[in-house]
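Geometric and topological summary
Single-letter residue listing:
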Protein chains: 2
Amino acid sequence: MADELFEKFSSQYGVFKKIDAFGYLKHLADNPETERKRGKVVLVTADTPLKASRGEGKTTTTIALIDALRKRGIDAAAVLRQPSMGITSAGSKGGASGGGKASLNNPEFIDWGLCGEMASIEAAQNLLVSFAEKAVDDGLLDEILVPRVSEVPSRALRSIAVDYGKSNIAERMVLTPTCELMQIVVLSRSMDEIADRVGAMTAGTKDGKPVLFGSFIDMWRITNILATAVQPAYTETVEGSPVYIHAGPFANVSIGIPGLAAVEMACARHDIVIVEAGYGADAGAQKWLDVASREYGAQWPSAAIVVTRASTWRDDPALSWRYPFHVARLEEVGIPAFPLINLWDGEDDQIDSLRSFAAEAGFRRPIIGNLFRDGGEVLVSQIDEFVEAVAGNENEVRAQASNKGLSVVDTVRKIAKTAYGVPAERVIFKDGFEQSLAQAAELVSAVGGNIDDLAVVAVKSPATMTDNDSLPEEERTVTLKKVEVRTGAGLVHVNLTTSLTTPMPKIV
Amino acid sequence: MADELFEKFSSQYGVFKKIDAFGYLKHLADNPETERKRGKVVLVTADTPLKASRGEGKTTTTIALIDALRKRGIDAAAVLRQPSMGITSAGSKGGASGGGKASLNNPEFIDWGLCGEMASIEAAQNLLVSFAEKAVDDGLLDEILVPRVSEVPSRALRSIAVDYGKSNIAERMVLTPTCELMQIVVLSRSMDEIADRVGAMTAGTKDGKPVLFGSFIDMWRITNILATAVQPAYTETVEGSPVYIHAGPFANVSIGIPGLAAVEMACARHDIVIVEAGYGADAGAQKWLDVASREYGAQWPSAAIVVTRASTWRDDPALSWRYPFHVARLEEVGIPAFPLINLWDGEDDQIDSLRSFAAEAGFRRPIIGNLFRDGGEVLVSQIDEFVEAVAGNENEVRAQASNKGLSVVDTVRKIAKTAYGVPAERVIFKDGFEQSLAQAAELVSAVGGNIDDLAVVAVKSPATMTDNDSLPEEERTVTLKKVEVRTGAGLVHVNLTTSLTTPMPKIV
C-alpha cells in the first residue's frame, strides 16, 4: 500500500531512486484516508568541532543508528543533506556518506554529485544573476544583490571584478550550498512555493529601492532547471536501511538542514526519522529548532543524539564546557538528549572513564562505540532508553512558539542565550551593525514586509559559539556585525562572533 | 541478443536510459564473436545559417529522417549532441530537440540539463582551474592557461579579474560547451583515455615552460566527477525511433560533434546511424570529416543530408553560392549529398520552384517537406535514392588519409580550399599570427610533441566561411589570426575569418 504509493512517485535514477516528494505529500493531503505513518523526528547533532574540516561523525552515527533501530524491528530511516561535491573533490574534506560498517551504498556517487541536484541549483542561481544583468541593461536595476555561485571552491574567486576593463564591478563568488536558492529548495513544499519564493527574491535595487525577480523574469526558466533537483534521492545503508538525501545548505552560513519535504515524506513512511543537522548543536540543531520548527512548520524533535569524539570532548579543557552545554540546552527545551561517543581506533580502553565522566556531568547514560569498525551492531543493546524516550515524547512538545514579531536583535539575544549560553547584556553590537540592520529593515519595508517577520539565521564560524569560547563563562560575548536579508527564503542573516565563513575554502 | 547486451550496459535515469558505451564497446572488442551490426554513418548537416541563433532545422530533419527510415523497415537511429541548457534557459535560442511531429520525447528534460552531463563537465573543468591555482600557491606554476567555464551565459563574465584587489589577474570565462574537457569526453573511447588526456592537458606555464596536469593532480578526482557524464543518454522520438544524446561541443569554437563512443555503439546496434553535426557544413561537417574521421578513427559518412530553409537558400543573392558549394564539396569527397528543404508554414507553394532551382544547380533530387507539421511521414516516399546511395556506398570511402605531418598552415589551407572554397594564395596571415603559431609550436615541443601532429580546429563565426562571404568568389579571403593548442584533446585551434565567437552570448 504505502510502498505502492512510493513507487508511484519514484523513478529510477542510476543507482538511486528519485522521489517526487512534493507530489507524494500532495497526494496524502488530498487523500486524508490514505494510510500513512506519523513518524517522529530525531535530530543527530554534535559537539562544536575543534576544526570545521574535522567531523565528529554525525553521518556515520546516523547510519549506525538506523541500522541498530531496524535490527530491533523498529522502522527507522534517515534524511541526510547532499555532501558538497566541490569540497570533496578539491580534497578539503572527505566524503559525507559514513564510513566503514556504518556506510551508505554507492558513496562514490553520493559524494560526487548525487543526481546533479547541486549543479542544477547552481545553474539556476547563476541564471538569476544573468537575468539581473539583463535587467541592468534594460534600465530596471542599477545594483545587483544576488551572488554568483560555484560548487567548486577556488581561491581566486573570493574576490573578483566582473565586466573588467569597463565597469569593474567588485563581486565575490560564494559556494553553491550557501545560496538563497538552496534555502528556498530546502524550505519549500511545492514547485509553486519555489516559484513564489524565487519571485520574492531581491534581485537588486533601482534608485535605492529593492526590485524583486518576480517583476521581470519568466519563472518557468528557473523551475525547469530545478525539475529533478527538488526531488530527494533514495538510497540505502550497506545494511539495507532506508536513507533519503536532499539538498545541502551549510550550517554555518546557511540553515544546515535537509529538505523539509523529504523529512515529511519520510515521516509518512517510517516510525522514526533521523535528521542530521550539522555542524555542532549550536549550528545545525539551533537552526532546525529555531528556523525549521518554529518558523517553517517542521516537526519538533522527539529526541536528539549528540555526537562527540572522546578527544573533542576532553582534549581542550578551555572548551570542554561546550559539550555538556549542548546536551543540557536540548534537555531544557524538552528534547531528551543522548550523548553518543564515536570512538576511533585505539580508544576502546577509554570507555570506562568516559562513562564516569558522563555520570559526573549528569548526562543520560552515554551510547559508546567504534561505529566505523563495528557499525550499528554495537548500538543495538545500548539504545533502550533512547527508544523509550522517543516513544514517550508525544506531540505536546511539537508545536513551538514562533519568534515572529520579536525584533531581530531580541531573536538573536534569545539564540545567544539558549544556544551559546551568552546573556542579552553580553550580546554586543559592532560599529556599523545598527546601520546595517536599519538598511536591511528598510529594504524589507520597501517590498511590503517587516524584517521582524523573517526567520533569523545566525552566520558564524562552525568552530566557535562566542567571540572567544576559551574565556570564562562570565566573560564570553557575542558580537553582532552585519545583517543581510533574503526576501525569497524569508530569512534574515545576522553575522556574528568571529564569522570565519570563507565562502571559498582553500584547496588542500 | 543485442538487446540483452544493451540492457546489461544500461541503467534507467529518470525518463532516460544512460548507457555505459565504453563498457559496451569494450565488451564487443573483447568478444569478437558477439553478434553486432555494422551500421553506416550518415551526416545531417546544413547550409551556413544567416544568423547563428536561427537553426535550419537539423535536429528536426534528423528526427523525421529516422522516423521515415524506420517506417520503411530500416533500422535507423540518431546520435545528437546535448543542447546547451544555459543558452536555452537564458532565452538566446529555443530548445534543440526537434519540433512538432518531428520531436523527441521529454524535450523539457533534454533541453534543460539532460542527466547533468554538461554540469559535471563544467565542475570538472573548473576543478582543474582550482588545482592549477593551488599549483601556483605551491610554486609549480606561474601562469594558468585553462579557462573557467560556465554553462549559464553572463555578459559580465566575458571579462573578469580574479583575486581582485590583490593580484588582479585578467580572465574571461567561456561557455562550458567550448572547453577542452568537453572535447576530451567527445573524442575518448574509455575512461583511461580520458584520464590520460586530462593528464596531458597544459595547466599553465612555469618559467615559460608548459606544465601538464598529469604532473600534479590525482586524476580520480576528475574521473569521479565524470562518471555518468561520459555515458550517452538514450531516448526516443515521439514515433518511437531510437536516439542517443551525448556531449555538446559547439561547432564554431570547438568540434561540434557528438561523442564518438556513442556513435560507435549506435553503429553496433543499427544499420543506419544519423549523426547531426552543426552548424553549417563548413563547421560541423568539416569537423566530422577532417577531425573525427581523419584523425580520431570515426567512420567516413556513407551519405549526407544537407538541410536548408527555402529562405536561407534564396533570400540573400550574395550568399546563395554557399548552399550549392556545400552540396558539391561533399560529393567531391565521395559523399552522396542530398539536399533537404525544410519548409515552414506558407511555403508549400514553393515546392515546384525549389525543384527547378535544384535541377538547375545540378543537385540530386531534393527531399522537401514541412517536417514540423508532417513529421517523417512526408519523407517516406522521397528517400529511395538516399537509401540506395547509403547501401551502395561501401567501406572503400571510409578510411581517409590523416593530415598529420602536414603543417598547421597547410592543413588550414586545405580546409579553406575544400570547405570554404578559398585557394591557398588567398589564405592570409594577420599581424601576429606567425608569432602566435611559433609560440604554440614551441609549447607543444616543450611537452615532447609536434604541433603538426595535432588536429586542426577552425575557430570561426558560424555564419561566415570567409572574411566576407558576400564578395565575388575571386575576392574572398580567409585570414588566420591566432593559434591555441589543446594538448590533452590533441587539437590546435586556429582562429580565422571574422571569429565572432563570443564565449558568453548576450541574454535575450
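Residues numbered from 1 in each chain as written. Chains lettered and ligands numbered in written order. Predicted model: local features only at pLDDT ≥ 70, side-chain atom pairs only at ≥ 80, totals over all residues. Heavy atoms only, no water.

1. Let's talk about the overall build of chain A
Across its full length, chain A carries 18 helices and 23 strands. Along the longest, intermediate and shortest principal axes, the C-alpha atoms of chain A span 70 × 60 × 45 Å. Scored against the burial criterion, the 508 residues of chain A give a buried share of 62%. Averaging the coordinates of the 52 positive side-chain charges in chain A and doing the same for the 67 negative ones gives two points 2 Å apart. (Helix = DSSP H or I, 4+ residues; strand = E, 2+ residues; numbered from the N terminus. Buried < 20%, exposed > 50% of the residue type's maximum accessible area, 1.4 Å probe, protein only. Lys, Arg positive; Asp, Glu negative; His and termini not counted. Charge placed at Lys NZ, Arg CZ, Asp CG, Glu CD.)

2. Regarding the confidence of the model for chain A
Residues shown with low pLDDT carry predicted positions that ought not to be read at fine detail. Residues with a pLDDT of 70 or more make up 95% of chain A, whose mean pLDDT is 92. Both scores are available for the predicted complex, with the pTM at 0.95 and the ipTM at 0.93. (pLDDT = per-residue confidence, 0-100.)

3. Observations concerning the side chain of Glu133(A)
Inspection of the secondary structure assignment puts Glu133(A) in helix H6 (residues 117-137). For Glu133(A), the side chain forms a polar contact with the main-chain nitrogen of Ala156(B), separated by 3.4 Å. Apart from the residues within four sequence positions on either side, Glu133(A) is in contact with Ile144(A), Arg148(A), Ser154(B), Arg155(B) and Ala156(B). (Polar contact = N/O pair within 3.5 Å; in protein donor to acceptor, adjacent residues only side chain to side chain. Contact = heavy atoms within 4.5 Å.)

4. Things to note about the pairing of strand E22 (residues 478-486) of chain B
Regular strands place their side chains on alternate faces of the sheet. Residues and elements named next belong to chain B. Both strand E20 (residues 427-429) and E22 contribute to a ladder of three bridges, which runs parallel. Looking at the pairing, phenylalanine 429 lines up with leucine 480 of E22. With six bridges connecting them, E22 and strand E23 (residues 491-496) associate as antiparallel partners. Residue pairing for E23: glutamate 484 is matched across the bridge by histidine 493. Hairpin remark: E22 followed by E23, antiparallel, with four residues in the connecting loop; positive phi at glycine 490, about 80°. (Pairing = 2+ DSSP bridges.)

5. Overview of the relation of the copies chain A and chain B
In summary, the two copies of the chain are related to each other by a rotation about an axis coupled with a shift along it. Structural alignment of chain A on chain B gives an RMSD of 0.0 Å, achieved by rotating through 180° and translating 0.0 Å along the axis. The transformation relating the two chain copies, once decomposed into turn and shift, fits a two-fold axis. In terms of proximity to the rotation axis, the leading residue of chain A is Tyr13(A), whose C-alpha is 1.9 Å off the axis. A shared binding surface is used by both copies, with 100% of the interface residues of chain A retained as interface residues in chain B. (Least-squares fit on C-alpha atoms with pLDDT ≥ 70 in both.)

6. Regarding the state of the cysteines
As enumerated under the stated definition, the model contains zero disulfides over all chains in all. Counting only cysteine sulfurs, Cys115(A) is the nearest neighbor of Cys115(B), a cysteine outside any disulfide, at a range of 9.7 Å. When its relative accessible area of 6% is taken as the criterion, Cys115(B) is described as buried. (Disulfide = S-S within 2.5 Å.)

7. Regarding the packing of helix H6 (residues 117-137) of chain B against helix H7 (residues 180-187) of chain B
All names here are of chain B. Orientation of H6 relative to H7, taken along the N-to-C sense of each, is 125°, at an axis distance of 9 Å. Regarding the angle of H6 to H7, the classification is oblique. As H6 runs across H7, the sense of the crossing is right-handed. Along its contact with H6, which presents Met118, Ile121, Ala124 and Gln125, the element H7 presents Glu180, Leu181, Met182 and Val185. Of the residues contributing to the contact of H6 with H7, the split by class is six nonpolar, one polar and one charged. (Axes fitted to C-alpha atoms, helices over the stretch in contact; angles between N-to-C directions. Parallel < 35°, antiparallel > 145°, perpendicular 65-115°, else oblique. Left-handed = near helix turned anticlockwise from the far one by under 90°. Nonpolar A, V, L, I, M, F, W, Y, C, P; charged D, E, K, R; others polar.)

8. Notes on the sheet that holds strand E7 (residues 143-144) of chain A
Residues and elements named next belong to chain A. Taken in spatial order, the three strands line up as E7-E12-E13 in an open sheet, and their pairing is antiparallel. The open sheet is flanked by E7 and strand E13 (209-212), the only strands paired with a single partner. As judged from the four bridges shared by strand E12 (residues 202-206) and E13, these two strands associate in the antiparallel manner. Residue threonine 202 lies in a different strand from E13, and its bridge partner there is leucine 212.

9. Some points on the environment of Ser10(A)
Residue and element names in this part refer to chain A. For serine 10, the position within the fold is in strand E1 (residues 10-13). Owing to a relative accessible area of 15%, serine 10 belongs among the buried residues under this scheme. It is 9.2 Å that separates the C-alpha atoms of serine 10 and tyrosine 24, two residues lying 14 residues apart in sequence. With sequence-adjacent residues up to four places away left out, serine 10 is seen in contact with Lys17, Lys18 and Ile19. From its side chain, serine 10 meets the backbone oxygen of phenylalanine 6 in a polar contact 2.5 Å long.

10. Focus: the interface of chain A and chain B
The figure often quoted for interface size is the accessible area lost as the parts come together. Tallying the contact residues gives 47 residues for chain A and 47 residues for chain B. A combined buried area of about 4,000 Å² lies between chain A and chain B, and 61% of that area is made up of carbon and sulfur atoms. Contact with chain B buries area across many residues of chain A, yet Trp112(A), Arg155(A) and Tyr164(A) alone supply 17% of it, more than any other trio. The salt bridge involving Asp137(B) is made with Arg155(A); its shortest N-O contact spans 2.9 Å. (Buried area = accessible area lost by both parts, 1.4 Å probe. Salt bridge = Lys/Arg side-chain N within 4 Å of Asp/Glu carboxyl O.)

11. Quick notes on the packing of aromatic side chains
All names here are of chain A. One pass over the full model with this rule turns up 20 aromatic pairs over all chains. Each ring, one from phenylalanine 9 and one from tyrosine 24, has its centre 6.1 Å from the other, and the planes form 80°; the classification is edge-to-face. Of this pair, phenylalanine 9 sits in the loop between helix H1 (2-8) and E1 while tyrosine 24 is found in helix H2 (residues 21-30), placing the two residues 15 residues apart along the sequence. Its relative accessible area of 2% is what places tyrosine 24 among the buried residues. Their ring planes at 45° and their centres at 4.9 Å tell us that phenylalanine 429 and phenylalanine 433 sit as a pair that is tilted. An aromatic cluster is built from Phe6, Tyr234 and Tyr244, whose rings are joined through pairwise contacts. A cation sits over an aromatic face here: lysine 18 above tyrosine 13, 5.9 Å from the ring centre. Directly above the ring of phenylalanine 6 sits arginine 269, whose terminal nitrogen or CZ lies 3.6 Å from the centroid. (Phe/Tyr/Trp six-rings, centres within 6.5 Å; stacked < 30°, edge-to-face > 60°. Lys NZ or Arg CZ within 6 Å of the ring centre and 35° of its normal.)

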